[in-house]
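Here is what each chain is made of, one letter per residue.
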Amino acid sequence: QVQLVESGGGLVQAGGSLRLSCAASGRTLSDYSIGWFRQAPGKEREFVSAIGRYVGLTTYADSVEGRFTISRDNTKNTVTLQMNSLNPGDTAVYSCAARSSTGLSRSGILYDYWGQGTQVTVSS
């Protein structure tokens, strides 16, 4: 079983950037595909981005395409979400999740393990 811990959230002005990290323990991160999801107050959880077990396989929600970049460093057991050009609509709790599959998924129900989340707040 893998444990996930997110970090890097905070308060930023519109147009700014944040870098979120998802650190894994208990198992090797390379055994999992990783997804980032977010949930704003009063809204359903939504997919943000995912990265496969192997380098190069990524996918993004249309709302973040071109602004966010997901990457992984299996030697550090970490997945990073670089978020640029943030706007107030990006305000949410961001969580990373892991699934023991080589494929990508945008569906949260297909992920087996979740972190606690980190708050991202973008002011206008």
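Preceding this paragraph is the structure being described.
Attention in this report is confined to the structure presented alongside it. Keep in mind that this is a model prediction, so the values were computed, not measured. (Residues numbered from 1 in each chain as written. Predicted model: local features only at pLDDT ≥ 70, side-chain atom pairs only at ≥ 80, totals over all residues. Heavy atoms only, no water.)

Side chains Thr118, Val120 and Val122 of strand S11 (residues 118–123) all project onto a buried face; the interleaved residues Gln119, Thr121 and Ser123 project onto a face where none is buried. Examined bridge by bridge, strand S2 (residues 10–13) and S11 share four bridges and lie parallel to one another. Bridged to Gln13 within S11 is Ser123. Note that strand S9 (residues 92–99) and S11 share three bridges and pair antiparallel. Across the sheet, Val93 pairs through a bridge with Gln119, a residue of S11. (Buried < 20%, exposed > 50% of the residue type's maximum accessible area, 1.4 Å probe, protein only. Helix = DSSP H or I, 4+ residues; strand = E, 2+ residues; numbered from the N terminus. Pairing = 2+ DSSP bridges.)

All right, on to the side chain of Ser95 then. Within the secondary structure layout, Ser95 lies in strand S9. On the accessibility criterion, Ser95 (13% relative accessible area) is buried. If near-sequence neighbours (up to four positions away) are discounted, Ser95 is found in contact with Glu6, Gly35, Trp36, Phe37, Trp114, Gly115, Gln116 and Gly117. (Contact = heavy atoms within 4.5 Å.)

Attention now moves to the sheet that holds strand S7 (residues 68–73). Taken together, the four strands give an open sheet; going across it, the order is S1-S3-S8-S7, and neighbouring strands pair in antiparallel fashion. At either margin of the open sheet sits one strand with a lone partner, and together these are strand S1 (3–7) and S7. The average undirected angle you get between the axes of adjacent strands in this sheet is 15°. Pairing between S7 and strand S8 (residues 78–83): six bridges, direction antiparallel. Residue pairing across strands places Ser71 opposite Thr80, the latter belonging to S8. (Axes fitted to C-alpha atoms, helices over the stretch in contact; angles between N-to-C directions.)

A full pass over the atoms with the stated rule returns four salt bridges. Between Asp90 and Arg38 there is a salt bridge, with its nearest N and O atoms 2.9 Å apart. Here the residue Asp90 occupies a position in the loop between S8 and S9, and Arg38 occupies one in strand S4 (residues 33–39), the gap between them amounting to 52 residues. Residue Asp90 is classed as buried on the basis of its relative accessible area of 1%. Each member of the salt-bridge network shares a partner with another, and the members are Arg38, Glu46, Arg67 and Asp90. (Salt bridge = Lys/Arg side-chain N within 4 Å of Asp/Glu carboxyl O.)

A word on the state of the cysteines. Going through the model one piece at a time under the given rule, you end up with one disulfide. Here Cys22 is linked by a disulfide to Cys96, with a sulfur-sulfur distance of 2.1 Å. Here the disulfide of Cys22 and Cys96 is right-handed, its torsion about the S-S bond being about 70°. Here Cys96 lies in strand S9 and Cys22 lies in strand S3 (residues 18–25), a separation of 74 residues in the sequence. Cys22 sits in the buried class, given a relative accessible area of 0%. (Disulfide = S-S within 2.5 Å.)

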